[in-house]
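Summary of the model geometry
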Amino acid sequence: MCGIVGYTGKNQAAPILLDGLSKLEYRGYDSAGMAVFDGKTLRSEKTPGRLNALVEMTHDGKLLPGTLGIGHTRWATHGKPTRANAHPHFNAAGTVAVVHNGIIENYLDIRQRMEKKGFAFKSDTDTETLAVMLDYYYTGDPVETIIKVLHRVTGSYALGIIFADHPGELYAARKDSPLIVGKGKDGNYIASDVPAILKYTRDVYYIENEEIAKITEKDIVFFNIDAEEIKPELHTVEWDVNAADKGGYEFYMMKEMSEQPKVLRNTCEPRMKKGSIAFEELSKDADIIKKASKIHIVACGSAYHAGMTGKYVIEGMARIPVEVELASEFRYRDPVYTDDEIVIAVSQSGETADTLAAVKEAKAHGVPVWAIVNATGSSMTREADRTLYTFAGPEISVATTKAYSAQIAVFYMLAILFAKERGQLDANEEKSYVEDLKRLPEQVELLLGNKERVQKFANRYISARDVYYIGRGLDYAIALEASLKLKEISYVHAEAYAAGELKHGTISLIEKNTLVTAIVTQEALYDKTISNIVEVKSRGAFVMAVTNVGHSEIEENADFVVYIPTTNKYFANSLAIIPLQLFAYYVSAGKGYDVDHPRNLAKSVTVE
Ligand code: M6R
């Protein structure tokens with residue numbers, strides 16, 4: 001989704017904006033632009049396409065001199081990705097510049113109203129209505145004017161605004177779209193996300209809904225929607241400055257896959273104490289844990305798939321019914337809650353609009369909400385009653401890998417906790433699970449170490465048109481994630497099927513050389529899935545299998561096998577997913593695609 005960067009201070013703004021926008025490229029965009037003010041002239045450049053085009057047009061920013069500026073990468077919602085629709089947008093006189101992330105839902109009404117008053121529009125965007133209204137309602141006092149405009153809009157927004165008659169002043173506001181304010185030494189910043197400004201500062205304010213910030217080189221002042229001054233807390237971001245760099249890898253996705261052992265350690269170690277699992281974050285929730293009658297897991301995309309793993313593991317270990325639901329369905333379904341239920345939201349970004357809405361819907365019904373989130377200080381961490389962080393660090397590649405791995409690890413630990421607290425697990429069993437958890441990072445390392453073998457196989461299948469992923473139980477949860485990985489970055493049609501469901505229709509699509517990937521880690525279901533492999537083989541399929549070490553007899557039926565090291569039945573997903581992530585990566589890279597920025601996709605889906 002759109003990315004915003006803003007700066008006011010001692011230095012030239014344009015290079016800072018371009019650098020910051022490059023760190024937000026992962027969010028997905030199709031045009032870019034910026035406006036810079038030198039105290040006299042408010043200049044702007046914008047262009048459809050990649051950020052590089054803007055870098056070239058502005059000669060690395062040199063053509064836009066000035067120490068106050070706002071920059072934007074746009075992911076088109078209203079109107080095509082054209083120069084006219086790219087941000088910043090201006091009023092007719094070119095004295096107010098606005099960048100916006102979010103959607104102004106009543107923009108058509110506003111536009112008609114403003115047109116009747118004689119204002120003309122140059123773009124198809126909802127954002128331009130804001131620039132026009134900021135002009136129409138302008139009182140000379142930017143904060144007062146912004147508030148007047150915000151009272152008239154419905155929808156979501158993160159805004160960066162410059163008024164030409166207020167040199168050195170950068171304004172920001174937010175509702176339901178992420179925006180942070182960074183406090184630096186040589187100036188201050190706004191950004192959609194931390195990586196954009198991490199190089200310059202680690203000190204950030206998280207702007208809350210319907211708050212406005214007035215930012216100058218030396219000061220940052222916050223107001224609520226009633227124009228009262230407020231004092232938010234300053235947070236220090238712990239992320240490593242290099243965490244948002246490629247670190248020598250060709251793509252972030254490879255870097256992030258390689259970080260999975262470290263991420264598993266970082267996520268699990270703080271919750272493992274002397275052979276036992278404890279979540280400090282849930283220290284006041286013993287009652288909720290003991291009494292829980294049902295858990296709803298809500299999420300989107302891969303986070304939903306992590307939730308599927310969570311369901312099998314929690315139900316298996318703790319015997320609590322778990323329902324996993326797509327947040328986009330849950331939020332509009334009017335779900336039925338009974339006593340003692342919990343909602344667990346899962347999100348890497350903590351900003352996914354549907355998941356956030358699901359959290360709010362559950363909270364409105366008084367249901368306790370826990371959120372498994374990666375991005376520090378994101379909206380979801382502020383909406384949920386409890387946040388269980390995955391310590392994956394910044395994830396840049398649109399296709400999630402390390403955050404997904406961390407999410408399923410949190411579910412393992414939650415399952416252990418629930419099972420223990422409800423008398424389903426004794427101390428020895430818990431200890432044995434903790435030992436298995438501790439072994440996971442090095443087992444993942446082992447699988448990553450064999451990546452060339454997967455690469456060779458991927459090269460052979462680079463022109464596959466359709467790929468089917470099959471598995472049963474927890475293996476089905478992995479099939480879902482593996483197929484999403486392949487389709488999102490390689491543009492190969494991929495489908496996940498519960499292996500037993502194949503012969504109810506989909507098997508008719510299997511023909512000579514169709515690639516079928518079978519995940520067979522669940523010993524109790526091994527023979528069943530082997531039968532499904534035999535079924536597809538006899539229809540000509542080429543079978544890749546991922547199974548536990550020791551099952552070499554599978555090679556009688558499978559053409560290419562990846563063996564995963566031994567762990568308990570619940571944790572196998574953490575291992576089985578590794579070769580499947582690698583496979584998707586190598587197919588995409590082998591085709592010459594931009595692995596980190598798949599077409600049409602955004603990292604953080606902040607609109608519905
Ligand atoms: O930030 P979130 O975890 O809430 O994002 C949810 C999905 O948009 C995300 O997992 C998406 O499916 C990824 N592109 C998958 O790789």
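The sections below set out a description of the structure shown in this document. The residue numbering used here restarts from 1 in each chain and proceeds along that chain's sequence as written. Since the coordinates come from a predicted model, pLDDT governs what is reported: local features require at least 70, and pairs of side-chain atoms require 80 or more to be given and counted, while whole-chain, interface and lining totals use all residues. Based on all heavy atoms of the structure, the side-chain values leave hydrogens and waters out of the count.

A closer look at the overall build of the protein
Spelled out, the test is: Only DSSP runs of H or I with at least four residues qualify as helices, and only runs of E with at least two residues qualify as strands; both kinds are numbered from the N terminus onward. Computation of the radius of gyration draws on C-alpha atoms, with the globule rule given as 2.2 Å multiplied by the number of residues to the power 0.38. For each residue, the accessible area found with a 1.4 Å probe, counting protein chains only, is set against the maximum for its type, and the residue is called buried under 20%, exposed over 50%, and partly exposed in between. Contacts between residues were defined by any pair of non-hydrogen atoms, one from each residue, lying within 4.5 Å. Where accessible areas are quoted, they stem from the Shrake-Rupley method and a 1.4 Å probe; at the residue level, only the protein chains shown are allowed to cover. For the purpose of charge, His is not counted, nor are the chain termini; Lys and Arg are scored as positive and Asp and Glu as negative. The location of each charge is read from NZ of Lys, CZ of Arg, CG of Asp or CD of Glu.
Helix and strand counts for the protein stand at 18 helices and 27 strands. Relative to its length of 608 residues, the protein is compact, with a C-alpha radius of gyration of 25 Å against a globular reference of 25 Å. Expressed as a percentage of its 608 residues, the buried residues of the protein come to 61%. Counting contacts in the protein only where the partners sit at least 6 residues apart, residues at least 24 apart contribute 72% of the total. For the protein, the computed accessible surface area is about 23000 Å², with 48% contributed by carbon and sulfur atoms. With 69 positive and 82 negative side-chain charges, the protein shows a spacing of 2 Å between the two charge centroids.

Things to note about the packing of aromatic side chains
Think of a pair of aromatic rings as described by two things: how far the centres are apart, and how the planes are tilted against each other in angle. Put simply, the test is: Aromatic pairs are defined between Phe, Tyr and Trp rings, using the six-membered ring for Trp, whenever the two ring centres lie within 6.5 Å; interplanar angles under 30 degrees are classed as stacked, those over 60 as edge-to-face, and all others as tilted.
For the coordinates displayed, the defined rule picks out 21 aromatic pairs. On the numbers, 4.4 Å between centres and 20° between planes, the contact of tyrosine 412 with phenylalanine 571 is stacked. Here the residue tyrosine 412 occupies a position in helix α13 (residues 402-421), and phenylalanine 571 occupies one in the loop between β27 (560-564) and α18 (572-590), the gap between them amounting to 159 residues. With relative accessibility at 0%, the residue phenylalanine 571 sits in the buried group. Ring geometry for tyrosine 585 versus tyrosine 586: centroids 5.2 Å apart, planes at 80°, classification edge-to-face. Here the two residues tyrosine 585 and tyrosine 586 agree in accessibility, since each one is buried.

Thoughts on the site of the ligand
The test is simple: Think of it this way: one heavy atom of a residue within 4 Å of a molecule or strand is enough to make that residue near it. Under this definition, polar contacts are N or O atom pairs within 3.5 Å; protein pairs additionally need one hydrogen-donor-capable and one acceptor-capable atom, and for neighbouring residues in sequence, both atoms have to be side-chain atoms.
Not every one of the 14 residues close to the ligand is listed here, only the nearest: Ser347, Gln348, Ser349, Thr352 and Glu488. With respect to the ligand, the side chain of threonine 352 contributes an N or O atom lying 2.4 Å from an oxygen atom. In the model, an oxygen atom of the ligand is placed 3.0 Å from a nitrogen or oxygen of the lysine 485 side chain. Contact with the protein chains covers 91% of the free accessible surface of the ligand, which is 410 Å². Elements with a minimum of two residues in the shell around the ligand: α9 (301-318) and α16 (474-490).

Comments concerning the sheet that holds strand β25 (residues 515-520)
Rule in force here: Strands are treated as partners if at least two bridges between them are detected by DSSP. Convention adopted: a line fitted to C-alpha atoms gives each axis, helices being fitted over their contacting stretch, and angles between N-to-C directions are expressed from 0 to 180 degrees.
Taken in spatial order, the 5 strands of this open sheet run β24-β23-β25-β26-β27, and their pairing is parallel. If you trace the sheet from one side to the other, it starts and ends with β24 (493-498) and β27, each paired once. This sheet shows a mean twist of 15° between the axes of neighbouring strands, independent of strand direction. Pairing of strand β23 (residues 466-471) with β24 involves 6 bridges; the strand directions are parallel. Pairing of tyrosine 468 across the sheet is with glutamate 495, part of β24.

Some points on the sheet that holds strand β15 (residues 235-236)
On the basis of which strands lie adjacent, the open sheet formed by 8 strands has the order β3-β2-β4-β1-β10-β9-β11-β15 and antiparallel pairing. Only two strands of the sheet have a single neighbouring strand rather than two, namely β3 (42-48) and β15. Here strand β2 (residues 31-37) runs beside β3; their pairing, made up of 7 bridges, is antiparallel. The residue of β3 that forms the bridge with phenylalanine 37 is leucine 42. Here helix α1 (residues 13-23) sits on the sheet and contacts β1 (3-9), β2, β4 (68-74) and β10 (187-191); the angle it forms with β1, its principal contact strand, is near 155°.

Regarding helix α15 (residues 451-460)
For an α-helix, the turn length of 3.6 residues means that residues three or four places apart are oriented alike. Rule in force here: Directions are taken from the helix axis to each C-beta atom, and the arc is the one they span.
Within α15, the full set of buried residues consists of Val454, Phe457 and Ala458. The buried residues of α15 occupy an angular sector of 100° when the element is viewed end-on, so they sit on one face. For α15, exposure combined with an orientation more than 90 degrees from the buried face picks out Lys456 and Arg460. Close packing links the buried residues of α15 with β25, β26 (542-548), β27 and α18.

Some remarks on the packing of α13 against helix α14 (residues 427-449)
When two helices pack together, their arrangement is given by the angle between the helix axes and the distance between those axes. To keep it simple, the criterion reads: What sets the label is the angle itself: under 35 degrees gives roughly parallel, over 145 gives roughly antiparallel, 65 to 115 gives roughly perpendicular, and the rest give oblique. When residues are sorted by character, Ala, Val, Leu, Ile, Met, Phe, Trp, Tyr, Cys and Pro go into the nonpolar class, Asp, Glu, Lys and Arg into the charged class, and all the rest, Gly among them, into the polar class.
One way to put it is that α13 packs onto α14 with a least axis distance of 11 Å and a crossing angle of 175°. Classed by the angle they form, the pair α13 and α14 counts as roughly antiparallel. Facing α13, whose interface residues are Tyr412, Met413, Ile416 and Lys420, α14 presents Glu430, Tyr433, Leu437 and Leu440. Across the contact of α13 with α14, the residue classes tally to 6 nonpolar, no polar and 2 charged.

Observations regarding the pattern of salt bridges
Heads up, the rule is: Should a side-chain nitrogen of Lys or Arg be within 4 Å of a carboxyl oxygen of Asp or Glu, the pair is scored as a salt bridge.
All chains considered together, the criterion is met by 35 salt bridges. For aspartate 60, the salt bridge identified is with lysine 62, shortest N-O distance 4.0 Å. We classify lysine 62 as exposed; its relative accessible area is 63%. We note a salt bridge from arginine 271 to glutamate 281, for which the minimum N-O separation is 2.5 Å. One end of the pair, arginine 271, is in the loop between α7 (260-268) and β16 (272-273); the other, glutamate 281, is in the loop between β17 (276-277) and α8 (286-291), with 10 residues separating them in the sequence. For arginine 271, a relative accessible area of 2% gives the class buried. Three or more residues are tied together by salt bridges with common partners; here these are Lys294, Glu323, Glu325 and Arg333.

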